[in-house]
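Each chain, written out:
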Amino acid sequence: MNRFKLYELFLDAVRKKGKLTVVEAHELSGVHPNYILQLFSELGTIPGIVYHRKTKTLFTTEGFKKYLEERAASETVLGIFSELAKVRKRGEK
């Protein structure tokens, strides 16, 4: 498949859902995942599109904001559980 057609395919998909993972992009296109990652990094330079290298995911700006909010909330919950475990451990001594 032509590189520019892949750009269009991936941009359409990410704009519809707010995010696009490498696995989803591979299912759409059948292209090798390493090539998809290269395309993702190039698409991440487009205004309104964010490539998050750690999760290997292409986001819209709004989708990335939502991802960050969800991640912050989950870190808060994990922090609470960690503190509860420390309190419980101190109580057992």
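Structure shown above.
Here's what I pulled together on the structure shown here. (Residues numbered from 1 in each chain as written. Predicted model: local features only at pLDDT ≥ 70, side-chain atom pairs only at ≥ 80, totals over all residues. Heavy atoms only, no water.)

## Observations regarding unusual backbone geometry
One non-glycine residue, Lys-56, adopts positive backbone phi at about 55 degrees. Along the polypeptide, Lys-56 turns up in the loop between strand 2 (49-52) and strand 3 (57-60). (Helix = DSSP H or I, 4+ residues; strand = E, 2+ residues; numbered from the N terminus.)

## Description of the pattern of salt bridges
Taken as a whole, this structure holds four salt bridges when the rule is applied. The shortest N-O distance in the salt bridge between Lys-86 and Glu-83 comes to 3.6 Å. Placement of the pair is Lys-86 and Glu-83 together in helix 4 (residues 61-92), with a separation of three residues, close to one helical turn. Overall, Lys-86 belongs to the partly exposed group, its relative accessible area being 43%. For Glu-83, a relative accessible area of 43% translates into the label partly exposed. (Salt bridge = Lys/Arg side-chain N within 4 Å of Asp/Glu carboxyl O. Buried < 20%, exposed > 50% of the residue type's maximum accessible area, 1.4 Å probe, protein only.)

## Description of helix 1 (residues 3-17)
Between its first and last C-alpha, helix 1 extends 21 Å over 15 residues, near the 21 Å set by a 1.5 Å rise per residue. Listing the buried residues of helix 1 in full gives Leu-6, Tyr-7, Phe-10, Leu-11, Ala-13 and Val-14. In a view along the axis of helix 1, the buried residues occupy a sector of 165 degrees, so they form one face of it. Turned more than 90 degrees away from the buried face of helix 1 sit Phe-4, Lys-5, Glu-8, Arg-15 and Lys-16, all of them exposed. Summarising the contacts, the buried residues of helix 1 are in contact with strand 1 (19-21), helix 2 (22-29), helix 3 (33-43), strand 2 and strand 3. For helix 1, the N-terminal cap is Asn-2; the gap from its side-chain oxygen to the backbone nitrogen of Phe-4 is 2.9 Å. Trailing helix 1 by a residue or two, Gly-18 shows a phi angle of about 95 degrees, which is positive. (Expected span 1.5 Å × (residues − 1). Arc of directions from axis to C-beta. Contact = heavy atoms within 4.5 Å. Polar contact = N/O pair within 3.5 Å; in protein donor to acceptor, adjacent residues only side chain to side chain.)

## Thoughts on the packing of helix 1 against helix 3
At a minimum axis distance of 11 Å, the contact between helix 1 and helix 3 shows a crossing angle of 70 degrees. On the basis of their axis angle, the class for helix 1 and helix 3 is roughly perpendicular. Together, Arg-3, Leu-6, Tyr-7, Phe-10 and Leu-11 of helix 1 and Tyr-35, Ile-36, Gln-38, Leu-39, Phe-40, Glu-42 and Leu-43 of helix 3 make up the contact between the two elements. Across the contact of helix 1 with helix 3, the residue classes tally to nine nonpolar, one polar and two charged. (Axes fitted to C-alpha atoms, helices over the stretch in contact; angles between N-to-C directions. Parallel < 35°, antiparallel > 145°, perpendicular 65-115°, else oblique. Nonpolar A, V, L, I, M, F, W, Y, C, P; charged D, E, K, R; others polar.)

## What to know about helix 3
Every buried residue of helix 3 is listed here: Ile-36, Leu-37, Leu-39, Phe-40 and Leu-43. The arc that holds every buried residue of helix 3, seen down its axis, measures 165 degrees, which confines them to one face. The inward-facing, buried residues of helix 3 abut helix 1, strand 1, helix 2, strand 2 and strand 3.

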